[in-house]
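A closer look at the structure
Each chain, letter by letter, is given below.
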Amino acid sequence: MISHLCAATPVLYILWIAMAQIAAGQEDREKTTALKDLLSRIDLDELMKKDEPPFTFPKTLEEFEYAFNEYGQLRHLKTGEPFVFNAREDLHRWNQKRYEALGEIITQYVYELLEKKCNMTKQILPEERTDDEPTSFIYLSPDALSNPSKLLVLIHGSGVVRAGQWARRLIINQDLDSGTQIPFITRAMEEGYSVMVLNPNENYLEVEKSAMSSPLPSPTEPSDEPAEKRDRKDDKEGKKKREFYEKYRNPQKETETERIPIRENSSSEEHVLYVWDHFVSQAKAKNVFIMAHSYGGLSFVELMNQRETEVKEKVCAVALTDSAHNIWLQETSKGTQDWMQQHCCNWVSSPEPVDTLLDPMLRDCPRVSAAWLGGSPLP
């Protein structure tokens, strides 16, 4: 009897562990259910509205109580301190919205610098357009099309930056020389270049969504199909999750908007191609130089894919900075790759001294160190 009990002990021990795990699992499920029930009773909408101020922000630098000093640094008018992101503790989303509102003012400020300091003019795109269609624009120096010698074309990267900017963050946190294209433009003009400043992120007009507009229902399978039933269930569960998340993420109901694409300029690649066809290719300059940062490098390579012969004939050299291009994914021709080897150079973030030749990642163009890139193309 005892021997049988001893022999069975390991089995009983394993059974006891299994039962304990089952009990623990049931307890965890019960706790999860209780937590879900508790969360369902909390009105996150009202809870967060009590703490989060409305998204109403100043419309000018002066109203923000900031200004650029003689060194191009953004400083508070009263304290002289740099910009403070965390204006209100524990309200990151509100602080981010405030930062974005300031960023929009900075964008307009840079446009003014291009027009007043650099004497550039705004060229509306597309050239042939109706009165009511959305538009984009670029900036041209007075001799952009007539200078017979040299033309510099500047292409910024992706994100919130617009014409004349390299990095909004650097403009706000460091200075105008670090984050804008102004130093490059003034230097180029001093050396006899004409200049074109592209605006590849201005791709759409954002308008308030009409109350009547709603997405068209997608075609569905016959209602008796099991797959369709599963889809309906998944859609229902997904909608619940989205609504729950939206309550947490967006307690203040922001205006719903929709984007109307700008014809022939609805992406960075389209914009660069359009400007090439309508402006760069029409310029009288015998020598065209291009400087492209980050995604602007990808857009330039796409331009080469579309206009390889014309680019080779007109462009002398291309300075890329932390370029996002990829000759494999973009399926560039061998002719383009060979040309890039001879005419392009990519300055990238690196701890090595400036202009140190780095190991190539792909067979496209030489990579050299820019020592450090914080958003502005060159140190």
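Keep in mind that what you see is a predicted model, and the values were worked out from it rather than measured. (Residues numbered from 1 in each chain as written. Predicted model: local features only at pLDDT ≥ 70, side-chain atom pairs only at ≥ 80, totals over all residues. Heavy atoms only, no water.)

Below, the discussion takes up the overall build of the chain. Looking only at helices and strands, one finds twelve helices and 13 strands in the chain. Here the chain holds 379 residues, and 38% of them are scored as buried. (Helix = DSSP H or I, 4+ residues; strand = E, 2+ residues; numbered from the N terminus. Buried < 20%, exposed > 50% of the residue type's maximum accessible area, 1.4 Å probe, protein only.)

Bringing the pattern of salt bridges into the picture now. A side chain with one charge can pair with a side chain of the opposite charge if their charged atoms come near. Enumeration over the complete set of coordinates arrives at nine salt bridges. As a salt-bridge pair, Arg-263 and Glu-133 come within 2.9 Å of each other at their nearest N and O atoms. Here Arg-263, found in the loop between β8 (257–261) and α9 (268–280), pairs with Glu-133, found in the loop between β3 (121–125) and β4 (136–140); they are 130 residues apart in sequence, far enough to count as distant. By relative accessible area, Arg-263 is classed as partly exposed at 36%. A salt bridge links Glu-191 to Arg-187, with the nearest nitrogen and oxygen atoms 2.6 Å apart. Here the salt bridges share partners, and the residues they tie into one network are Glu-133, Arg-263 and Glu-264. (Salt bridge = Lys/Arg side-chain N within 4 Å of Asp/Glu carboxyl O.)

Moving on, we get to the environment of His-343. For His-343, the location among the structural elements is in helix α12 (residues 334–343). Assessed through its relative accessible area of 29%, His-343 is described here as partly exposed. Along the chain, His-343 and Val-318 lie 25 residues apart, while their C-alpha atoms are 6.2 Å from each other. In contact with His-343, not counting residues within four places along its chain, are Cys-316, Ala-317 and Val-318. (Contact = heavy atoms within 4.5 Å.)

Computed from the structure, the second largest pocket encloses a volume of approximately 440 Å³. Leu-152, Tyr-193, Phe-289, Met-291 and Ala-319 are the residues nearest the centre of the second largest pocket, which is lined by 16 residues in total. Mapped by element, the contributors of at least two residues to the lining of the second largest pocket are α7 (182–190), β9 (287–293), β10 (315–321) and β11 (344–348). Among the residues forming the lining of the second largest pocket, the class breakdown is 13 nonpolar, one polar and two charged. (1 Å grid on protein atoms, 1.4 Å probe; cavity = no way out; pocket = protein on both sides within 12 Å on 5 of 7 lines; lining within 4 Å. Points joined across faces, edges and corners; volume = space filled by probe spheres on them. Nonpolar A, V, L, I, M, F, W, Y, C, P; charged D, E, K, R; others polar.)

Looking now at α12. Along α12, the positions that sit buried rather than exposed are Thr-336, Gln-337, Trp-339 and Met-340. Mapping the buried residues of α12 onto a view down its axis gives an arc of 165°, with all of them on the same face. The exposed set on the far side of α12, more than 90 degrees from its buried face, consists of Lys-334 and Gln-342. Against α10 (295–306), α11 (308–314), β10 and β11 lie the buried residues of α12. (Arc of directions from axis to C-beta.)

Let's shift gears to the side chain of His-293. Relative to the assigned elements, His-293 resides in strand β9. Engagement of the side chain of His-293 in a polar contact is seen with the side chain of Thr-321, the distance being 2.8 Å. (Polar contact = N/O pair within 3.5 Å; in protein donor to acceptor, adjacent residues only side chain to side chain.)

Moving on, we come to the pairing of strand β5 (residues 150–155). Each regular strand displays side chains that alternate between the two surfaces of the sheet. When you tally the buried positions in β5, you get five out of six residues, the bulk of the element. Here β5 pairs with strand β6 (residues 193–197) via five bridges, running parallel. Residue Val-153 lies in a different strand from β6, and its bridge partner there is Met-196. Note that β5 and β9 share six bridges and pair parallel. Bridge pairing in β9 links Leu-154 to Met-291. (Pairing = 2+ DSSP bridges.)

For the rest of this paragraph, the subject is α10. Over its twelve residues, α10 extends 17 Å from the first C-alpha to the last, a length consistent with the 16 Å expected when each residue adds 1.5 Å. Listed as buried for α10 are Gly-296, Gly-297, Leu-298, Ser-299, Phe-300, Val-301, Leu-303 and Met-304. (Expected span 1.5 Å × (residues − 1).)

Attention now moves to the packing of aromatic side chains. Tallying each qualifying case throughout the model produces eleven aromatic pairs. Judged by centre distance (5.9 Å) and plane angle (85°), the rings of Phe-137 and Tyr-139 are edge-to-face. Site record: aromatic cluster; members linked through ring pairs are Tyr-66, Phe-83, Phe-85 and Tyr-99. Against the face of Trp-94 rests Arg-88, its NZ or CZ located 4.8 Å from the ring centre. Seen from the ring of Tyr-193, Lys-150 lies directly overhead, with NZ or CZ sitting 4.3 Å from the centre. (Phe/Tyr/Trp six-rings, centres within 6.5 Å; stacked < 30°, edge-to-face > 60°. Lys NZ or Arg CZ within 6 Å of the ring centre and 35° of its normal.)

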